[in-house]
Amino acid sequence: GDSVTQTEGLVTVTEGLPVKLNCTYQTTYLTIAFFWYVQYLNEAPQVLLRSSTDNKRTEHQGFHATLHKSSSSFHLQKSSAQLSDSALYYCALSGNSGTYQRFGTGTKLQVVP
Amino acid sequence: GALVYQYPRRTICKSGTSMRMECQAVGFQATSVAWYRQSPQKTFELIALSTVNSAIKYEQNFTQEKFPISHPNLSFSSMTVLNAYLEDRGLYLCGASGGVEVFFGKGTRLTVV
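So, here is what we can say about the structure in this document.

1. Re the pattern of salt bridges
- On inspection of all chains with the given rule, the structure shows eight salt bridges over all chains.
- Note that lysine 78 of chain A is salt-bridged to aspartate 85 of chain A, the shortest N-O span being 2.7 Å. Each of the two residues, lysine 78 of chain A as well as aspartate 85 of chain A, counts as buried.
- Aspartate 88 of chain B is paired through a salt bridge with arginine 37 of chain B; the nearest N and O atoms lie 3.4 Å apart. Of this pair, aspartate 88 of chain B sits in the loop between strand 8 (76-81) and strand 9 (90-97) while arginine 37 of chain B sits in strand 4 (residues 32-38), and the two are 51 residues apart along the sequence.
- Owing to a relative accessible area of 4%, aspartate 88 of chain B belongs among the buried residues under this scheme.
- The class for arginine 37 of chain B is buried, based on a relative accessible area of 11%.
- Each member of the salt-bridge network shares a partner with another, and the members are Arg37, Glu45, Lys66 and Asp88 of chain B.

In structure tokens, the structure reads:
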């Protein structure tokens, strides 16, 4: 089986400061891809980042993440949080040759002035 | 490009009645369709994975008797919530895949009254 763990339910950060959302995983699949999704209020989740290459940094919209298979992690980071970044963030693992996603429990990011 | 249309976007049903939601893949062949539910304040739970020419696989806590799924061809899938009650409310998401990446619809929000 597989599972995705996001340890923080809520992260509050001041605008302009760096933010890090944690994501670790367990999987029995050999070929896997990882995603970060962002979900705004009353909307479906949207892909923010994806990666399947070990130790390669992936960036989009100021966010970045690096898949580390040695530590089974895919943490999301941003150097300077913006008020508009406030949303729900889900880490997800693509299972069974990309036929479905296994989502983590989600982290609510609150950026405050 | 690959798109997934999901409808209805929102629906309200009376407690004890049933409602059907549909998922249409455009621009690719959806060999697999996964259905998810996001209950209020919760993450996206995988309900079941349907792969063409294979039996539909339901996750623990979800059954065919409650959530029957149809996947008749490579572009369409539907799921019915039978005997809907308050605990069935939430955002239902379909994710269609041709085996490389999962594409999500915008979800069907179910309210039970």
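Having put the structure on the table, let's press on.
2. With respect to the state of the cysteines
- According to the stated counting rule, one finds two disulfides over all chains in the structure shown.
- Note that cysteine 23 of chain A is cross-linked by a disulfide to cysteine 91 of chain A, the S-S spacing being 1.9 Å. Its S-S torsion of about -65° marks the bond between cysteine 23 of chain A and cysteine 91 of chain A as left-handed, since a negative value means left-handed. Within this pair, whereas cysteine 23 of chain A is found in the loop between strand 3 (19-21) and strand 4 (24-27), its partner cysteine 91 of chain A is found in strand 10 (residues 87-95), the two being separated by 68 residues in sequence.
- Bridging cysteine 23 of chain B to cysteine 94 of chain B, the disulfide has an S-S length of 1.9 Å. With the S-S bond torsion at 60°, the cross-link from cysteine 23 of chain B to cysteine 94 of chain B turns out right-handed. Of this pair, cysteine 23 of chain B sits in strand 3 (residues 19-26) while cysteine 94 of chain B sits in strand 9, and the two are 71 residues apart along the sequence. Of the two residues, cysteine 23 of chain B and cysteine 94 of chain B, both sit in the buried class.
- Unpaired in this structure, cysteine 13 of chain B has its nearest cysteine sulfur neighbour in cysteine 94 of chain B, at a distance of 18 Å.
- Judged by relative accessible area, cysteine 13 of chain B falls into the buried class, the value being 6%.

3. Here's the deal with the layout of surface pockets
- Estimated volume of the largest pocket: approximately 630 Å³.
- The element best represented in the lining of the largest pocket is strand 12 (residues 107-112) of chain A, accounting for four residues.
- Among the residues making up the lining of the largest pocket, the classes are represented as nine nonpolar, 13 polar and four charged.
- As for the second largest pocket, its lining consists of 19 residues, and the residues nearest its centre are Ala44 and Pro45 of chain A together with Phe104, Gly105 and Lys106 of chain B.
- Looking at the lining of the second largest pocket, the elements with two or more residues in it are strand 6 (46-51) of chain A together with strand 1 (3-7) and strand 10 (102-104) of chain B.
- By residue number, the principal contributor to the lining of the second largest pocket is strand 1 of chain B, which donates four residues.
- Tallied by class, residues from the lining of the second largest pocket come to 11 nonpolar, four polar and four charged.

So, how was this worked out
- Along each chain, residue indices are assigned from 1 in the same order as the chain's sequence is written.
- Labels are handed out in written order, letters beginning with A for the chains and numbers beginning with 1 for the ligands.
- Where totals are concerned, whole chains, interfaces and linings use all residues; where local detail is concerned, this predicted model gives features only for residues with pLDDT of at least 70, and gives and counts side-chain atom pairs only at 80 or more.
- Calculation of side-chain values draws on the structure's entire complement of heavy atoms; hydrogens and water are dropped beforehand.
- Any Lys or Arg side-chain nitrogen located within 4 Å of an Asp or Glu carboxyl oxygen qualifies as a salt bridge.
- Each residue gets one of three labels from its accessible area relative to the maximum for its type: buried under 20%, exposed over 50%, partly exposed in between, using a 1.4 Å probe on protein chains only.
- Only DSSP runs of H or I with at least four residues qualify as helices, and only runs of E with at least two residues qualify as strands; both kinds are numbered from the N terminus onward.
- Note that a disulfide, as used here, is simply two cysteine sulfur atoms within 2.5 Å.
- In this analysis the probe radius is 1.4 Å and the grid spacing 1 Å, with only protein atoms considered; a cavity is a set of points the probe fits into but cannot get out of, a pocket is an open set with protein on both sides within 12 Å along at least five of seven lines, and lining residues have an atom within 4 Å of a point.
- Grid points are joined across faces, edges and corners, and a volume is the space filled by probe spheres set on the points.
- Residue type decides the class: Asp, Glu, Lys and Arg count as charged, Ala, Val, Leu, Ile, Met, Phe, Trp, Tyr, Cys and Pro as nonpolar, and the leftover types, Gly among them, as polar.

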